[in-house]
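Structure at a glance
The chain contents come next:
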Amino acid sequence: SAVISQKPSRDICQRGTSLTIQCQVDSQVTMMFWYRQQPGQSLTLIATANQGSEATYESGFVIDKFPISRPNLTFSTLTVSNMSPEDSSIYLCSVGTGGGGYGYTFGSGTRLTVV
Amino acid sequence: GQQLNQSPQSMFIQEGEDVSMNCTSSSIFNTWLWYKQDPGEGPVLLIALYKAGELTSNGRLTAQFGITRKDSFLNISASIPSDVGIYFCAGLQGAQKLVFGQGTRLTINP
């Protein structure tokens, strides 16, 4: 299965600032996704990162707050903009591997604390 | 949005005991996945189920895709300390969207 490198692994940020999270995959993948995991909670899909076009956002998430780039088939970034303490979460990159996207693989996540 | 109902939310067991957890939904899913998450890590895929009624094993883990396609269970036999963690079910909607359950936190007393 694909190996995902996600950076940074953790960060503490001041409110009002922005943080860009990077996701690098060791092979070309069609589907890349970004998830949020709030403290003690399950995973919620933020958006699907599409190569060569705008990301597709889920209900409750908007591009101005979570801009996403996907310049090629192995790399994507998620920016958390104008952060507030409510943005403190783990942000996870995921890729679909295999036919039909089965066997989704996750990165180790970025633990973000906003103070 | 769509949610999966996962139960129990937490389990406290003795080492060596068997574990059972399940997920239900009001919607049909094409695929059911079971993940385990350790502290500070992303979820790791344990078992993937692709067909209604399918029963699949991975070592001490066994999972089944419900015949109605609206539920799945995961069993762990003869639990060991490294089984500690949070287990998530996930259902695949359409071609690519994963919906996760709330998780089951497993604690094992040695």
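Residues numbered from 1 in each chain as written. Chains lettered and ligands numbered in written order. Predicted model: local features only at pLDDT ≥ 70, side-chain atom pairs only at ≥ 80, totals over all residues. Heavy atoms only, no water.

What follows deals with the interface of chain A and chain B. Each side of the interface is counted separately: chain A has 19 residues, and chain B has 19 residues. For the pairing of chain A and chain B, the buried interface totals around 1500 Å² over both sides, and the portion due to carbon and sulfur atoms is 57%. Here chain A is connected to chain B by 4 residue pairs in polar contact (both at pLDDT 80 or more). Elements represented by at least two residues in the side of chain A that touches chain B include exactly β4 (31-37) and β5 (43-49) of chain A. By residue number, the principal contributor to the side of chain A that touches chain B is β4 of chain A, which donates 4 residues. (Contact = heavy atoms within 4.5 Å. Buried area = accessible area lost by both parts, 1.4 Å probe. Polar contact = N/O pair within 3.5 Å; in protein donor to acceptor, adjacent residues only side chain to side chain. Helix = DSSP H or I, 4+ residues; strand = E, 2+ residues; numbered from the N terminus.)

All names here are of chain B. If you walk across this open sheet you meet the 5 strands as β1-β3-β8-β7-β6, and the pairing is antiparallel. Edge strands, defined here as strands with exactly one partner in the open sheet, are β1 (5-7) and β6 (55-58). Between one strand axis and the next, the sheet turns through 15° on average, direction left out of account. Strand direction decides the pairing type here: β6 and strand β7 (residues 61-65), joined by 4 bridges, are antiparallel. Looking at β7, one finds that N58 is bridged to L61. (Pairing = 2+ DSSP bridges. Axes fitted to C-alpha atoms, helices over the stretch in contact; angles between N-to-C directions.)

This part is about the pairing of strand β3 (residues 19-24) of chain B. Residues and elements named next belong to chain B. A one-sided burial pattern is seen for β3, the buried positions being V19, M21 and C23 and the unburied ones S20, N22 and T24. As judged from the 6 bridges shared by β3 and strand β8 (residues 71-76), these two strands associate in the antiparallel manner. Bridge assignment links V19 to a residue of β8, and that residue is I76. (Buried < 20%, exposed > 50% of the residue type's maximum accessible area, 1.4 Å probe, protein only.)

Right, let's get into the state of the cysteines. Residue and element names in this part refer to chain A. Applying the stated criterion across every chain, the model contains 2 disulfides over all chains. The disulfide bridge from C23 ends at C93, spanning 1.9 Å between sulfur atoms. Classification of the bridge connecting C23 and C93 rests on its S-S torsion, roughly -60°, and on that basis the disulfide is left-handed. Of this pair, C23 sits in strand β3 (residues 19-25) while C93 sits in strand β9 (residues 89-96), and the two are 70 residues apart along the sequence. Since its relative accessible area comes to 0%, C23 is described here as buried. On the accessibility criterion, C93 (0% relative accessible area) is buried. The thiol of C13 is unpaired, and the distance to the nearest cysteine sulfur, on C23, comes to 18 Å. (Disulfide = S-S within 2.5 Å.)

Geometric descriptors of this kind do not, in isolation, establish any biological role.
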